[in-house]
Amino acid sequence: MSNSFDVTIIGSGPGGYVCAIKCAQLGLKTAVVEKSPTLGGTCLNVGCIPSKALLHASEVYHEAQHGMADLGVKAQKVSLDLNAMMAHKDATVKANVDGVAFLMKKNGIEVFHGTGRIAEPGKVEVISDGDSAQTIETKNIVIATGSEVAGIPGLDVAFDDQTIVSSDHAIALDNVPKSMVVIGGGVIGLELGSVWSRLGAKVKVVEYLDTILGGMDGSTSKQFQRILKKQGLTFHLKSKVTAVEAFGKKGKVKFEPTDGGEAQTLEADVVLVATGRRPFTTGLGLEDVGVEMERGMVKTDAHWRTNIQGIYAIGDVTSGPMLAHKAEDEGVAVAETIAGQHGHVNYGVIPSVVYTMPEVASVGATEEQLKSDGVDYVSGQFPFTANGRARAMNATEGFVKFLAHKATDKVLGVHIVGFGAGDMIHEAAVLMEFGGSSEDLARTCHAHPTLSEAVKEAALATFAKPLHI
Ligand code: NAI
């Protein structure tokens, strides 16, 4: 087969593989280059998918121990088989990465295993162990190489994958640690901290900011922190980590208050460093080709074009939130752009979800953003304690919060803490995509009894009295 393509995508994560499928569907001859043995990138192999398998399994374990008896279901001697839980996670990953390989075949996409390097515009070299490099001729190149663990700025953290770990290894511990210190109260720290807390670890979170999930709607984040505290997690906010080291089989974390004051040290069986990710561009040869960078990211215009003709970038390697679904949507849009169509991503309506129990989900502006932009807004809120279905399920924690424009009632942001928040948020996302108002949603008939009725009531609360409180 000739090594000549219309599009070559470097990286097969959610951005890359979805882009490849869309390119193939649009009639473009498409290749994918992947350096790892399996397709799917961080999300499928060590990120979203394995962490969700563990989140779900640990929730079931926790529920069997602490929640089921209240519903009249008594289980004798609930015990943990961590190996079986990890096997479930591994099987989930395998099913997903095999699924991507199947989709590549089905769509006639050629997969090259090896490290891709852009030799020049229109030429990608694939270097694999033991083999001489292959060269791909290609009219277009899409960089979809994702991100890697950033570590702690200014600190040289010696990850040993057992005591001092990143998320890559926190999904594969051999034993439940008695204690865990999580550095960073962001999404990864809280999701994986929750997993190990439910399985029995005493989890302490050390966070630089004065809030967890920095950038999230303020009252939503506060309520979520209260819930996590009740679950047994403890928090050291406004705390800057200054040293992380392993001694024997333990880890030591030193941190100091950001306002000044005495440093403290915590010890734990495992230290999870979850202080962010950075774009991955190692070995791509971008400097040699002259691709412009901006704060470590590949710089693109509004159509995902770099400064070099025929080279595009999508997903974590470029600007915007590091979210798999953002990368997927960019993958589709750039494929359409390359095929001469009009690809578009609405960055104002990208939902974000924290897959803890309960989940936290958001779309659009936070209350703090509206305040600082001087937008005249109204807020409506409805608690799950007042929702019949939530009571029936013993899932009454959290609320739905709507933020709408005061004059036009257009919905500007929606924030949910509660069971199933990650699914419910999409009703708000569709509404916002169509420029809808709170009243549009509040007057849409919702099935009873559902958790989604709380979404309807919160929408109603922006302009009228809710009916059930
Ligand atoms: P993050 O950026 O969400 O959170 C990192 C936290 O570490 C921040 O709150 C920061 O203030 C704190 N921090 C940084 N340096 C510190 C220091 N020296 N001492 C104490 N705290 C410090 O990063 P995270 O959680 O590692 O996630 C990386 C990326 O992966 C994010 O962009 C996230 O959106 C994405 N992701 C998304 C998921 C989802 O959508 N459910 C799940 C997992 C990851």
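Residues numbered from 1 in each chain as written. Predicted model: local features only at pLDDT ≥ 70, side-chain atom pairs only at ≥ 80, totals over all residues. Heavy atoms only, no water.

**Q** Explanation requested: the site of the ligand in the structure shown.
**A** The full set close to the ligand counts 21 residues, and I188, E191, E207, G276 and V353 are the nearest of them. With respect to the ligand, the side chain of E191 contributes an N or O atom lying 3.0 Å from a nitrogen atom. Separating an oxygen atom of the ligand from a backbone N or O atom of A274 is a distance of 3.4 Å. Look at the ligand: alone it shows 840 Å² of surface, and the protein chains cover 78% of it. Elements with a minimum of two residues in the shell around the ligand: α6 (187-198) and β12 (239-247). A class-by-class count of the residues in the shell around the ligand yields twelve nonpolar, five polar and four charged. (Near = heavy atom within 4 Å. Polar contact = N/O pair within 3.5 Å; in protein donor to acceptor, adjacent residues only side chain to side chain. Areas by Shrake-Rupley, 256 points an atom, 1.4 Å probe, with all protein chains shown as cover. Helix = DSSP H or I, 4+ residues; strand = E, 2+ residues; numbered from the N terminus. Nonpolar A, V, L, I, M, F, W, Y, C, P; charged D, E, K, R; others polar.)

**Q** Honestly, the sheet that holds strand β23 (residues 399-405) in this entry has me stumped. Any pointers?
**A** In any sheet, the strands associate via hydrogen bonds between backbone groups, in a parallel or an antiparallel arrangement. An order of β20-β21-β24-β23-β22 is seen for the five strands of this open sheet, with the pairing classed as antiparallel. Each edge of the open sheet carries a strand with a single partner, namely β20 (352-354) and β22 (377-383). In this sheet, adjacent strand axes meet at a mean angle of 10 degrees when their direction is disregarded. As judged from the six bridges shared by strand β21 (residues 359-364) and strand β24 (residues 411-418), these two strands associate in the antiparallel manner. Bridging from a neighbouring strand, E359 pairs with G418 of β24. (Pairing = 2+ DSSP bridges. Axes fitted to C-alpha atoms, helices over the stretch in contact; angles between N-to-C directions.)

**Q** Could you clarify how one ought to interpret unusual backbone geometry in this entry?
**A** Residues apart from glycine generally show negative phi values, whereas peptide bonds are mostly found in trans. Omega for the peptide link from M357 to P358 comes to 0 degrees, which places this bond in the cis form. Mapping P358 onto the fold places it in the loop between β20 and β21. A cis geometry characterises the amide bond from H448 onward to P449, with omega recorded as 0 degrees. Position of P449 relative to the elements: it lies in the loop between α13 (438-442) and α14 (453-460). Despite not being glycine, L213 has its phi angle at roughly 50 degrees, a positive value. Relative to the elements of secondary structure, L213 occurs in the loop between β10 (202-206) and α7 (218-230). Classification of L213 by relative accessible area gives buried; the value is 6%. (Buried < 20%, exposed > 50% of the residue type's maximum accessible area, 1.4 Å probe, protein only.)

**Q** Looking at this model, I keep getting lost on the pattern of salt bridges. Mind explaining?
**A** Side chains carrying opposite charge are able to pair once their charged atoms draw close together. Following the criterion strictly, the structure yields 17 salt bridges and no others. With its nearest N and O atoms 2.8 Å apart, the salt bridge here joins D217 to K401. Taken together, the positions of D217 in the loop between β10 and α7 and K401 in strand β23 put the pair 184 residues apart, joining distant regions of the chain. The exposure class of K401 is buried, given its relative accessible area of 1%. Beyond isolated ion pairs, a larger network of salt bridges with shared partners links R117, E125 and D288. (Salt bridge = Lys/Arg side-chain N within 4 Å of Asp/Glu carboxyl O.)

**Q** What is the right way to look at the packing of helix α1 (residues 14-25) against helix α9 (residues 324-338) in this model?
**A** Each pair of packed helices can be described by the angle between their axes along with the distance between the axes. The contact between α1 and α9 brings their axes to 7 Å, and the two run at 30 degrees. Between α1 and α9, the interaxial angle falls into the category roughly parallel. As for how α1 packs across α9, the hand of that crossing is right-handed. For the pair formed by α1 and α9, the contact residues are P14, G15, V18, C19, K22 and C23 on the first element and A324, A327, E328, G331, V332, V334, A335 and E336 on the second. Of the residues assigned to the contact of α1 with α9, the class counts are nine nonpolar, two polar and three charged. (Parallel < 35°, antiparallel > 145°, perpendicular 65-115°, else oblique. Left-handed = near helix turned anticlockwise from the far one by under 90°. Contact = heavy atoms within 4.5 Å.)

**Q** It is not clear to me how the pairing of strand β9 (residues 179-183) should be interpreted in this structure. Could you clarify?
**A** Regular strands show a simple pattern: their side chains alternate between the two faces of the sheet. With five of its five residues buried, β9 lies for the most part within the structure. Looking at chain direction, β9 and β10 are connected through five bridges and run parallel. Residue M180 lies in a different strand from β10, and its bridge partner there is V203. Read from β9 through α6 to β10, the crossover connection turns out right-handed. Relative to strand β15 (residues 270-273), β9 is paired through four bridges, and the arrangement is parallel. Bridge assignment links V182 to a residue of β15, and that residue is L272. (Right-handed = clockwise from strand over helix to strand, strands pointing away.)

The values reported here are purely geometric and, on their own, carry no functional implication.
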